[in-house]
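Single-letter residue listing:
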Amino acid sequence: MIKLLVSALSSGSGKTAVSCALLAALQKIGLNPCAFKCGPDYIDPMFHRAVLGVESHNLDLFLAGETGVRKLFCRRSRGHGAAVCEGVMGYYDGLGGVTSQCSSYDTARALGLGTLLVLRPGGSSLTLAAQVKGLCAFRRDHRIRGLFLNHCSPMLYASLGPVLERETGLPVLGYLPPMKAAEMKSRHLGLYTAAEIEDLSARVEALAAQLERTADLDRLMAVFSCPAEEMSAFPREKKRDRTLRLAVAKDRAFCFCYEESLDAFRREGIEPVFFSPLEEKALPEGTTGLYLPGGYPELYAKELAANGQMRHAVRKAAAEGMPIVAECGGYLYLCEKLEDVHGNCFPMAGVLSGTGRNQNHLVRFGYAYLTAAEDSLLFRQGERVPVHEFHYWDTEEMGTAFSMEKPVSGRNWRCGYGTKSLYAAFPHLYFGGENKMAERLAEAMAQWKEEQRYGNTGSMGDGADQEDHAALGRGQSGGKSQMDGLRPSAGQSGTAGNHHGGCGGTDRFGKAGH
């Protein structure tokens, strides 16, 4: 089996282009490759899936743990002739940017993968050899097995390739010349998604065809050939015998969802049913739970506001105590209003008080630990789970249900809303890790489904639960209650109306509303 991790000295070196080209080339010769992404990134796996039609999963040591990552890699690479894992940032860049923990190197170490190091010669040549030797000396078991040059002219490769081999002792396995097809546009949360890039399939085909001409695939496969890991250490997990329908938002506005989370739902008897808050007017029939993952709602605030019927359906579901999980962009959708990229403000579902506003910089970025202050839908008091955040928008009322702590600096803050029927906060959750979140969501969905059968349309459980549900905004953020938010304000139950003006007022970040 061919197994490797594609990494680089830094971001912007062309890891995605090289990984996609290599996957396509391996697919063309019949190796049936599968793909992985190191770290929490949502977008790169979209390229692997949408363009190449291959499986792609996240391998995240912080979110899943080393055993969880090995288990996932072993199970998902089974039956494939090749497994390609795309790295993240620079090779040794890990937690807090000051450790190698959870880095691309750490992932290669945990899985026993050899690393193909992508180098971009622009502005340097022989110095690359010194950098490579420094990388190899930095850790005794560096795992670097070969080099690949990106954005390199044929003439430069002819002279630089042999020098790099002589100076580093590592094989140089090919190159990609400067190509328009390799240019992937970025924005505030990273690359544009696969669905948004015009002619992406044709671009990847061109990259693969070029790689076939300018890479030594036979030599590359020989360098990275190794036996498949024994599966007996990771027996198949049993699936619960029940069917619960979880409405999962999936469209241009909501697209950040881990495949591993969906798999965890299915193991608990939860059937993910995809729907579009942009296009559809109602939640899927038979819905017993709602999952609003992250994405780019700020780019589609006007369209989301115009779909008043869907906003009303979500507000009604929350009022009835349906279990709801809303992360980052999904949390912003539950708020009263959302500012778009032009500074215009639009009404959202109105389940929670507050307005999502652009801060024009990363607000809270990277890994953190979330600790629950009280029992709620997904957590028990005092439980600590790994999460990550990555957002430019923030709200003036973030909630206080959870305490957050950075793993290296120890910086901490409070955020989020948590009741027996709701998780709503900026932190992204990973249901595929060593936690009970999927199990608890399924239990809550089953209970709510049973209550609806007997005509109980109130909040989950007894009167105390209803009081807890109604006090959500008051008790945790100092704002109005969640039930107040469920009562639509003027114009909120219809289309966007005249709400495209400024958000008004001055928020706690010290800038006037637009």
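Residues numbered from 1 in each chain as written. Predicted model: local features only at pLDDT ≥ 70, side-chain atom pairs only at ≥ 80, totals over all residues. Heavy atoms only, no water.

### A closer look at the overall build of the protein
For the record, the criterion: Numbered from the N terminus, helices here are DSSP runs of H or I no shorter than four residues, and strands are runs of E no shorter than two. Burial classification: accessible surface area is computed with a 1.4 Å probe over protein chains only, and a residue below 20% of its type maximum counts as buried, one above 50% as exposed, and the rest as partly exposed. Between two residues, a contact is recorded if the distance between any of their heavy atoms is within 4.5 Å. Each accessible area is a Shrake-Rupley estimate made with a 1.4 Å probe; only the visible protein chains count as cover when residues are assessed.
Along the protein, the regular secondary structure elements total 16 helices and 25 strands. In the protein, which comprises 514 residues, the proportion classed as buried is 57%. Put simply, of all contacts in the protein between residues at least 6 apart along the chain, 74% involve residues at least 24 apart. Here the protein displays about 20,400 Å² of accessible surface, and carbon together with sulfur accounts for 49% of that area.

### Considering the pattern of salt bridges
Our working rule: When a carboxyl oxygen of Asp or Glu is within 4 Å of a side-chain nitrogen of Lys or Arg, the pair counts as a salt bridge.
With the rule as written, the count across this model stands at 20 salt bridges. Of the charged contacts in the structure, one is a salt bridge between Arg76 and Asp263, with a shortest N-O distance of 2.5 Å. Of this pair, Arg76 sits in helix H3 (residues 61-77) while Asp263 sits in helix H9 (residues 259-267), and the two are 187 residues apart along the sequence. The partly exposed category is assigned to Arg76, whose relative accessible area is 28%. Between Arg109 and Asp106 there is a salt bridge, with the nearest N and O atoms lying 2.8 Å from each other. Of this pair, Arg109 and Asp106 both sit in helix H4 (residues 104-111), three residues apart, roughly one helical turn.

### Focus on the packing of aromatic side chains
Here is the rule: Aromatic pairing here means that ring centres of Phe, Tyr or Trp (its six-membered ring) are within 6.5 Å. Orientation follows from the plane angle: under 30 degrees is stacked, over 60 is edge-to-face, and everything else is tilted.
In this structure the tally under the stated criterion is 21 aromatic pairs. Consider the rings of Phe62 and Tyr367, whose centres lie 4.5 Å apart with planes at 35 degrees: the pair is tilted. One end of the pair, Phe62, is in helix H3; the other, Tyr367, is in strand S19 (residues 364-372), and 305 residues separate them in sequence. Both residues of the pair, Phe62 and Tyr367, belong to the buried class.

### Quick notes on helix H6 (residues 154-168)
In plain terms, the rule: To estimate the expected span of a helix, subtract one from its residue number and multiply by 1.5 Å. To get the bend at any residue, fit one axis to the seven residues that end at it and another to the seven that begin at it, then take the angle between the two axes.
A rise of 1.5 Å per residue sets the reference length of H6, with its 15 residues, at 21 Å; its end C-alpha atoms lie 21 Å apart and thus fit the reference within 8%. Leu160 marks the point of greatest bend in H6, at about 30 degrees, and the proline Pro162 comes within the next four residues. Taken residue by residue, H6 has Tyr157, Leu160, Gly161, Leu164 and Thr168 as its buried positions. Just downstream of H6 lies Gly169, where phi reads positive at about 75 degrees.

### Considerations on the sheet that holds strand S10 (residues 244-249)
This is how the line gets drawn: When DSSP finds two or more bridges between two strands, those strands count as paired. What counts as an axis is a line fitted to C-alpha atoms, over the stretch in contact for a helix, and the angles between N-to-C directions run from 0 to 180 degrees.
Spatial ordering of the open sheet is given by S12-S10-S13-S15-S25-S24, a layout of six strands whose pairing is mixed. Across the chains shown, the open sheet's two edge strands, defined by having one partner strand only, are strand S12 (270-275) and strand S24 (417-419). Neighbour-to-neighbour, the strand axes of this sheet turn through a mean angle of 15 degrees, independent of strand direction. Alignment of strand S15 (residues 324-327) against strand S25 (residues 422-425), held across four bridges, turns out to be parallel. For Val325, the partnering residue across the bridge sits in S25 and is Tyr423. In the packing of helix H13 (residues 437-453) onto the sheet, contacts are made with S10, S12, strand S13 (289-292) and S15, and the angle to S10 comes to roughly 115 degrees.

### Digging into unusual backbone geometry
One non-glycine residue with positive phi stands out, namely His151, at about 55 degrees. Here His151 lies in the loop between strand S6 (144-150) and H6. Residues other than glycine seldom take positive phi values, yet Cys328 does so here, at roughly 50 degrees. Secondary-structure assignment places Cys328 in the loop between S15 and helix H12 (329-334). Here Cys328 falls in the buried class, since its relative accessible area comes to 8%.

### As for the sheet that holds strand S3 (residues 56-59)
Pairing in this open sheet of seven strands is parallel, and the strands run S3-S2-S4-S1-S5-S6-S7 from one edge to the other. The sheet terminates laterally at S3 and strand S7 (172-176), the two strands that pair on one side only. In this sheet, neighbouring strand axes are inclined to one another by 25 degrees on average, regardless of whether the strands run parallel or antiparallel. Pairing geometry for strand S5 (residues 114-119) and S6, over five bridges, is parallel. When the sheet's bridge partners are listed, Thr115 is paired in S6 with Ile144. Against the sheet, helix H1 (residues 15-28) touches strand S1 (2-8), strand S2 (33-38), strand S4 (82-86), S5, S6 and S7, its axis set at about 170 degrees to S4. Sitting on the sheet, H4 touches S1, S2, S3 and S5, and the angle it makes with S1 is about 165 degrees.

### Notes on H1
The end-to-end C-alpha separation of H1 is 20 Å, in line with the 20 Å expected for 14 residues at 1.5 Å each. If you check which residues of H1 are buried, you get Lys15, Thr16, Ala17, Val18, Ser19, Cys20, Ala21, Leu22, Leu23, Ala24, Ala25 and Leu26. Where H1 ends, the next residue or the one after it, Gly30, has phi of about 85 degrees, a positive value.

### Observations regarding the packing of H3 against H4
Applied cut-off: Each crossing is labelled by how the near helix is turned from the far one, with a counterclockwise turn of less than a right angle marking it left-handed and a clockwise turn marking it right-handed. Three residue categories are used. Nonpolar comprises Ala, Val, Leu, Ile, Met, Phe, Trp, Tyr, Cys and Pro, charged comprises Asp, Glu, Lys and Arg, and polar comprises the others, including Gly.
The interhelical angle for the contact between H3 and H4, taken along N-to-C directions, is 35 degrees, at an axis separation of 10 Å. Of the two possible hands of crossing, H3 and H4 adopt the one that is right-handed. Judged by residue contacts, Leu61, Glu66, Val69, Arg70 and Phe73 of H3 engage Asp106, Thr107, Arg109, Ala110 and Leu111 from H4. The residue inventory of the contact of H3 with H4, partitioned by class, reads five nonpolar, one polar and four charged.

### Remarks on the pairing of S1
Most of S1 sits out of view: seven of its seven residues are buried. Residues Ile2, Leu4, Val6 and Ala8 of S1 are buried on one face, and the alternating residues Lys3, Leu5 and Ser7, pointing to the opposite face, are buried as well. As defined by bridge partners, S1 adjoins S4 across five bridges and the pair is classed as parallel. If you follow Leu5 over to S4, its bridge partner there is Cys85. Bridge count between S1 and S5: five bridges; the pairing is parallel. In the sheet register, Ala8 faces S5, and the bridge partner there is Val118.

### Brief notes about the confidence of the model for the protein
As a reminder, the rule being used: One number per residue, pLDDT, summarises how confident the predictor is, and it ranges from 0 to 100.
Looking at the protein, pLDDT values average 86 and 83% of them are 70 or higher. Residue range residues 457-500 is modelled with pLDDT below 50. Its contacts to residues more than four positions away, or to other chains, number 116 contacts. Here residues 505-514 is modelled with pLDDT under 50, and outside its nearest four sequence neighbours on either side it reaches 26 contacts, counting other chains as well.

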